[in-house]
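Here is how the chains run, residue by residue.
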Amino acid sequence: MKISCVIVEDEPLAAERLKNYVLKLPYLQLLSSFDNGIDALAYIKSNRVDLIFLDINMTALSGIQLLETKAISSEVIITTAYQEYALKGFDLKVTDYLLKPFTFERFIQAVERVQKALEKNIAVSERKSFFVKTEYRFEKILLDEVLYIEGMRDYRRIVTVSKKIMTLHTFTAFEAILPHEVICRVHKSYMVAVDKINTVEKDIIRIGNIEIPISETYRKAFFELIRNS
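The present account deals with the structure reproduced in this document. Note that this is a predicted model, so its numbers are computed, not measured.

**Considerations on the sheet that holds strand E10 (residues 164-167)**
So, point 1. Taken together, the 5 strands give an open sheet; going across it, the order is E10-E9-E8-E12-E11, and neighbouring strands pair in antiparallel fashion. In this open sheet, the two strands that pair with only one neighbour each are E10 and strand E11 (183-187). Neighbour-to-neighbour, the strand axes of the sheet open up by a mean angle of 20 degrees, direction not taken into account.
So, point 2. Of the pairings in the sheet, the one linking strand E9 (residues 155-160) to E10 comprises 4 bridges and is antiparallel in character. Counted as the bridge partner of valine 159 is lysine 164 from E10.

**Details of a nonpolar patch on the surface**
So, point 1. Residues Met152, Tyr155, Met166 and Leu168 make up a contiguous nonpolar surface patch of about 370 Å² in total accessible area.
So, point 2. With respect to the element layout, tyrosine 155 can be found in strand E9.
So, point 3. Residue classification places tyrosine 155 among the partly exposed residues on the basis of a relative accessible area of 40%.

**Thoughts on the nonpolar core**
So, point 1. Grouped together as the largest cluster of nonpolar side chains are 20 residues, with contacts concentrated most on Val8, Ile52, Leu54, Leu67, Ile72, Val76 and Ile78.
So, point 2. Elements supplying a minimum of two residues to this core: strand E1 (3-8), helix H2 (37-46), strand E3 (51-55), helix H3 (63-68) and strand E4 (75-80).
So, point 3. Residues Tyr21, Val22, Phe104 and Val114 belong to the second largest nonpolar core, which totals 19 residues.

**Remarks on helix H7 (residues 216-228)**
So, point 1. Here H7 spans 19 Å end to end across 13 residues, near enough to the 18 Å set by a 1.5 Å rise per residue.
So, point 2. Residues of H7 that are buried include every one of Phe222, Phe223 and Leu225, and no others.
So, point 3. Among the structural elements, E11, strand E13 (199-201) and strand E14 (204-207) are those in contact with the buried residues of H7.

**Focus on H2**
So, point 1. Listing the buried residues of H2 in full gives Gly37, Ala40, Leu41 and Ile44. Considered in projection along H2, the buried side chains sweep an arc of 100 degrees and stay on one side of the axis.
So, point 2. Next to the buried residues of H2 lie E1, strand E2 (28-34), E3 and H3.

What counts and how
- Residues numbered from 1 in each chain as written.
- Predicted model: local features only at pLDDT ≥ 70, side-chain atom pairs only at ≥ 80, totals over all residues.
- Heavy atoms only, no water.
- Pairing = 2+ DSSP bridges.
- Helix = DSSP H or I, 4+ residues; strand = E, 2+ residues; numbered from the N terminus.
- Axes fitted to C-alpha atoms, helices over the stretch in contact; angles between N-to-C directions.
- Patch = residues over 30% accessible without salt bridge, like charges linked within 9 Å, V, L, I, M, F, W, Y side chains within 5 Å.
- Areas by Shrake-Rupley, 256 points an atom, 1.4 Å probe, with all protein chains shown as cover.
- Salt bridge = Lys/Arg side-chain N within 4 Å of Asp/Glu carboxyl O.
- Buried < 20%, exposed > 50% of the residue type's maximum accessible area, 1.4 Å probe, protein only.
- Core = buried A, V, L, I, M, F, W, Y, C linked by side-chain atoms within 4.5 Å.
- Expected span 1.5 Å × (residues − 1).
- Contact = heavy atoms within 4.5 Å.
- Arc of directions from axis to C-beta.

Have a look at this one:
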């Protein structure tokens, strides 16, 4: 698979070295290179990018600030000379962290992590059904029949157009296997099927005669999703 990427790096020598590494791998497609976060952000918002090589210390808009805008859905490999940003980077769910100066071999390892993550995302986005354990059996559930998933203490209740299933699967497990543009988290106790939503009014989702709250934690991501649907 081809991986489209951009470089965001304000040091010319570091940017050139990174560009040379990218060009050595035929499955990487370099779309553009930026020396500042502001221009990079504008490009990323308007173009599909699979991978961003992102420097941390930049003027005007740092790499961390760029990640904190929540505008980035691409895989991210941080490239920096400062090890102290590693924990913050992984808090923001970057795919890998390259400490300058890094070797070509280490660069390849980071890109291979991205490749695996993208392949997993494709598999999730193409999913049509999933299995959950309920009582003493595994039950198949069609994705397009799900209405919502509700947390009930230790259990999750999956409500579909034809049945209700109780399972010990966690919301974290569901988020890992279900495409978020199809079934998304809106509250600590709820996930909803986006195409089954009838109305959204303020912070209440209505699916049929059921009202589901939207919590502050998930509010921004949810409204961005439905605006783009």
